[in-house]
Amino acid sequence: MSTFKYVLSRIALMLVVFVVTMVLCFCLIRLLPFKSEATGLQAITEQRRLQMLGWADTDADGNKITMIEKLGKWIYNILFRDVQSIDPETGEKTKIEYDEKTGEIIPNPDGRPDWDWGVSLKIDYLKDVTEVVGDRMTPTILLNVYSLLISIPIGIAFGIFAALKKNKWQDHFISTAVMLFISVPSFVYAFLLQYFFAFKWGILPAQSSSLMDAGGSYFSWEMSKSLILPVLSMSFGTIAGLTRSTRAELTEALTSEYMLLARTKGLTRSQSIMRHALKNAMVPILPGIISSFVGILSGSYIIEQIFGVPGVGKLYIMSINMRDYDLFMFITAFYGFIGLLSNILIDLSYGFLDPRVKMGAKK
Amino acid sequence: MAKKNDLQNQHLTPDMFVPVNADKVLSDVKFDTKPVGYLMDAWRRFKRNKASVVAACIILIIALFAIIAPLVSPYEMSEVDGYYKHARPKIAGMNNSGSGFWDGTYVKDQSTLDYIYFNGIAMGALDTDFDGKHDWNEVLASEFNPIKKELDDYDYTTQVNGVDITSHRYELRVDSYYEVGFRSVEGITPEEYQRILDWEQETGLKVIYPVINFNDADAFDSTNINTDSQDNYWYRNKRGTNGGTVPIDINGNELTLEQVMNGELVPNYAVRYDETPDGEYIVDPLKGYVLASSLSPEEYAALTNKRYSTFIEDRLNGIYAYYNGSYVLASSLTPDQLEGNTKRYRQNGVEAEDGAYVFDGNDYALVSSLSEAELARAYARYSAVYTENSKGKFYLVDGEYKTGTELGWKIMEIEEYKAGGGKTYSQAFVLDYNGNYVLDGKNYKLESSMSADALAKMVVRYNIDWRRDTQGKHTLFEGEYVLYDSLTPEQQDSLLTRYHRVENATFIRTGAGGKNYRIRVLYYNYYRYLNDKEPVHVFGADSQGYDILVRLAMGARLSLVLAVCVAAINLIFGSLYGAISGYYGGKVDMVMERITDVLAGIPTIVLMTLVRIHLIEGSVPVMIGDTLLFNLHLTDMGGIIFAMCATGWIGTAYSVRMQFYRFKRQEYILAARTLGARDGRLMFRHIFPNALGTLITGSVLVIPGVIFSETSLAYLGVISFTGPNITSLGAMLSNGQSAGISKFPHIIFFPALILSLLMISFNLFGNGLRDAFNPSLRGSEE
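Counting restarts for each chain: residues are numbered from 1 in the order of the written sequence. Working convention: letters from A go to chains and numbers from 1 go to ligands, in the order in which they are written. Note on the predicted model: pLDDT of at least 70 is required for a residue's local features to be given, and 80 or more for side-chain atom pairs to be given and counted; whole-chain, interface and lining totals, by contrast, use all residues. Hydrogens are left out, water is left out, and the side-chain values use all remaining heavy atoms of the structure.

A word on the interface of chain A and chain B. The contact criterion used throughout is that any non-hydrogen atoms of two residues lie within 4.5 Å. On the chain B side, the residues contacting the 35 residues of chain A number 36 residues. The buried area of a pairing is the accessible area, by a 1.4 Å probe, that goes missing from both parts when the two are put together, added over both. For the pairing of chain A and chain B, the buried interface totals around 3300 Å² over both sides, and the portion due to carbon and sulfur atoms is 77%. Criterion for a salt bridge: a side-chain nitrogen of Lys or Arg within 4 Å of a carboxyl oxygen of Asp or Glu. Inspection of the region where chain A meets chain B yields zero salt bridges. N or O atoms within 3.5 Å of each other form a polar contact, as long as, within protein, one can give a hydrogen and the other can take it, and as long as residues adjacent in sequence are counted only when both atoms are side-chain atoms. Seen at the junction of chain A and chain B, the total is one residue pair in polar contact (both at pLDDT 80 or more).

Turning our attention to the packing of helix 4 (residues 129–164) of chain A against helix 12 (residues 325–353) of chain A. Residue and element names in this part refer to chain A. One can describe the packing of helix 4 onto helix 12 by two numbers: an axis separation of 9 Å at closest approach and a directional angle of 65°. Crossing handedness for the pair helix 4 and helix 12: right-handed. Contacts between helix 4 and helix 12 pair Val 129, Thr 130, Val 132, Val 133 and Met 137 from the former with Asp 326, Leu 327, Phe 330, Ile 331, Phe 334 and Tyr 335 from the latter. All residues other than Ala, Val, Leu, Ile, Met, Phe, Trp, Tyr, Cys, Pro, Asp, Glu, Lys and Arg, Gly among them, are scored as polar; the first ten of these are nonpolar and the last four charged. For the contact of helix 4 with helix 12, the per-class residue count stands at nine nonpolar, one polar and one charged. The angle between two axes is taken between their N-to-C directions and runs from 0 to 180 degrees, where each axis is a line fitted to C-alpha atoms and a helix contributes only its stretch in contact. Comment: elements are numbered from the N terminus, with helices defined as DSSP H or I runs of at least four residues and strands as E runs of at least two. Take the far helix as the reference: if the near one is turned anticlockwise from it by less than a right angle, the crossing is left-handed, and if turned clockwise, right-handed.

Residues and elements named next belong to chain B. For the structure on display, the rule yields 15 salt bridges over all chains. A salt bridge links Arg 528 to Glu 143, with the nearest nitrogen and oxygen atoms 3.1 Å apart. With Arg 528 in helix 14 (residues 523–531) and Glu 143 in the loop between helix 5 (136–141) and strand 2 (147–160), this residue pair connects regions lying 385 residues apart in the sequence. We call a residue buried when its accessible area falls under 20% of the maximum for its residue type, exposed when it is over 50%, and partly exposed in between, using a 1.4 Å probe and counting protein chains only. The exposure class assigned to Glu 143 is partly exposed, which follows from its relative accessible area of 27%. Between Arg 195 and Glu 192 there is a salt bridge, with its nearest N and O atoms 2.7 Å apart. Note that Arg 195 and Glu 192 are positioned in helix 6 (residues 190–203) at a spacing of three residues, about one turn of the helix. Under the relative-accessibility criterion, Arg 195 is labelled partly exposed at 45%. In this structure Glu 192 comes out as buried when scored by relative accessible area, which is 17%. Through salt bridges with shared partners, a single ionic network connects Glu 143, Arg 528 and Glu 534.

This part covers the packing of aromatic side chains. Ring pairs shown here join Phe, Tyr and Trp side chains whose ring centres sit within 6.5 Å, with only the six-membered ring taken for Trp; geometry is labelled stacked below 30 degrees between planes, edge-to-face above 60, and tilted in between. All chains considered together, the criterion is met by 42 aromatic pairs over all chains. Consider the rings of Tyr 189 of chain A and Phe 236 of chain A, whose centres lie 5.2 Å apart with planes at 85°: the pair is edge-to-face. In this pair, Tyr 189 of chain A sits in helix 6 (residues 186–200) while Phe 236 of chain A sits in helix 7 (residues 221–255), placing the two residues 47 residues apart along the sequence. For Tyr 189 of chain A, a relative accessible area of 7% gives the class buried. Given the relative accessible area of 22%, Phe 236 of chain A is considered partly exposed. Aromatic rings pair up to connect Tyr 83, Tyr 84, Tyr 177, Trp 199, Tyr 523, Tyr 526, Tyr 527 and Tyr 529 of chain B into one cluster. Note on geometry: a ring has a charge over it if NZ (lysine) or CZ (arginine) is within 6 Å of the ring centre and within 35 degrees of the ring normal. Directly above the aromatic system of Tyr 546 of chain B lies the positively charged group of Arg 551 of chain B, at a separation of 4.0 Å from the ring centroid.

All right, on to the sheet that holds strand 1 (residues 105–111) of chain B then. Sheet strands line up and pair through hydrogen bonds in the backbone, either parallel or antiparallel. All names here are of chain B. Should DSSP find at least two bridges between two strands, the strands are taken to pair. Strand order in the open sheet formed by three strands is 1-3-2, and the pairing between neighbours is antiparallel. At either end of the open sheet lies a strand with only one pairing partner, and these are strand 1 and strand 2. For this sheet, the mean angle separating the axes of adjacent strands, direction not counted, is 20°. With twelve bridges connecting them, strand 2 and strand 3 (residues 163–175) associate as antiparallel partners. Residue pairing across strands places Lys 149 opposite Arg 173, the latter belonging to strand 3.

Right, here's the structure in full:
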């Protein structure tokens, strides 16, 4: 089987899994009852709005809407409905408009199907879910990118150092630390960091600053300073993991026979390590790093909660707790898709990095 | 392979081999050593791994802690004490050491006023004769002094509006248990009160202290005092010019720290008007109970906080007037003698030769010299209920002052009643032709028009024991007002003892009919009295006042049981699933794999929320056709286990499947199959044991995973094991986080410590097991 065919079949399978998972998630989230605080006249308008959005359990005549009908409507909306008005000149999408009196959506067909994932009703009233998620994407991506920029070099450096000093006290020290940092949940050292740096010594802010406080920019000094603690809390685990795998791979490479050959050829130890051992050791590690770059889009619920970062992780939890159905489905679909895609990418990257590996080959 | 080739290359011939011991039969000789089994072998290897053994020991210790601690601890899981919420960790032996190590103390940076406040608690506790005088060194050394050590004191300068303001500050080690100091306890029955007194006698520890007079605004300024700690301000105080609450002397001057050290704090205990057949007694902090009529107006004013006190009223004997240096019964004076007095001292309307005077806030002013508005203000301010001027007495009825004549009243008597705390209410009962009027707080209302409840509430509010009407003095006797004179002397005496205990001033009647007491207690000793133990929380108390140690043990127990259950269920189901998928392979495997793929895509949080809403909080009817089988309903624990297992087995299934792939084509399986072994036997007798090592390791590593997800989900509020009788590590962490880690780090520290220890130990232990079962994998992931 050629690589091309393999990739095609993987993608086909991925799509099947993706669709089934989405259907399941849809049914499960819709099984959670919608929380309504509206009373009286408000409740009637809300009920109408729910019916328009396809969230209601009964239609206008009081007939029950089955789960399959709801699902059908949701999928139809994504693929075929065209409710967003698109400015013909600028090409910008605007908010969906509702008739104030009837609560009905004012359709503005432009003849093209949009990927309409629906609107948020609870978190960001009547805002397109893609926008809601987009707004909170920047802090999450920032956190992840900073964290990766810190952890990858440090993790690999520690790993190399430990492997070179194998079974010396430096190695034992690093291995113990790695053990600790891998086992202890990240929120525990988030607490520790927050307690010491923010409260006890008062060096860094305990909570991430809002965009307003940070002068309207995510790259201002205020903002970066307030992100130090969450970035650190996220990095420890990654650093420990990378150190561990780098050390393991490099130790294996160092004891292999080609290293002996390299030394016999007359290379110095550092030359042989740099040119042979390190390159080979990196092969199994790089896919992991690639996948963590794919993961920069996803948020860490707990870290975001502890440090009050307005990121996607927090949004996800909120969307479930507040029953913002469409928002939840969009986030699930988005990350589900990225997750499955990254699996394929990782598998493929093995093949690119190491010519000996041929993906999908039979035994 | 290599060795085989070597042998072939050497061209060996059979004649090169000679049988060893050809003449001996060896089959009967026993092995010198016993055969080593698979598990034994693994155990030997495991023993050599020091870190894993230590980890296993730690797990064991935590498990033992979870089992034993609740049995041994003096605290119950559901035991809660709101006053000791946030209490710091303390070991009984470390009491009062001041070392700062595990002794319930924490470091506080405090102002001089706080320094006085804390020492004031000790002073109040020592003050068993209620005079506020003590030796300062005794105060510092008192057990009840929350300040266990003065670490530092320094001058601190800040700039306010460009001016340097220097204040003296103290760095103190404060005990979080003694810090509570005094508290009010409501609803104490007289029997309970007596029991406390008996207990005091028995143990020699003082519990009940005099009640504070909160009602006197000149001696107690509540602006900067929150209701929690108000019982600690037993001395006269006012709001300081720079904020805070400053102790003051009898004349309202602020006291300095030196003066406080000299014992110049003035007690502000509620003055009780205790009456005996001799007359009214009031509490003098220096002399104890003194007869009110034996005092001078100045002394009387100082003790009762009433500024103008020409007349004092004794509910037994009548009105006393101050005459020639002492209080004399007003009825014994001639009108002239009384007249002179009246003109000189009268609080509201003063009548002199030249006309009526009114106190306008600064001084007495001639009524005629004031404008209507000023007059109204003066009256409104000082005489809410009735005012008196030269034109007569005015009564506030429906928001307007009117004279009795205007109202058509026949005014009989107006009495002042003292509510608990000594504040005087111009409580009036006025009689007119319609009947008796009472004051319900603002306006006069016909007594007969009020419901019994409303009347009772009023009586409670103003604490009226006595009242007078046309027939004479009435008193509350067995729930009804009866003429005092109609009672027998014994009944009169019983009233006196019942309502006016002269020997102490330590309770205030509350509740309907004044049946219960409000008392002020030294909470540390009251706790000893209530619980028969000292308040000592080894790990501190959480933000509700639960003991962290016991709850931590119970939480760890729950988390461990949960984790073990989940791991066991995952192991069984995952093994079965993985075994079938791996053994049969092909299309079966393909379909089963896709099922796990899909399941793995379901977010745990959604599943948890679903289970919580539909199965834990509600129930789902299970139907076959139209017949209802049962309503599926799960407990908290069952629901969480269900939700965690629903997708948790996938990992186990995956690794079992891999093992089956590895072994199913090996030759020994082929051999067994040739011998006629069926699928089931092949799977579970031949292949599965080979996967056992990996599986056990995997299951052990599932445990920290489950604990971790429980804590994260509880932390996010998706699941919650919170209640008096249930808690988990996650719930405790979340509690600690919401209590604020900056102020109370101990609440989160201990759960986090146990959690981290568990996670580290289980990981080390699991790795040790893996190395023991699979020596080939050793070191690959260290």
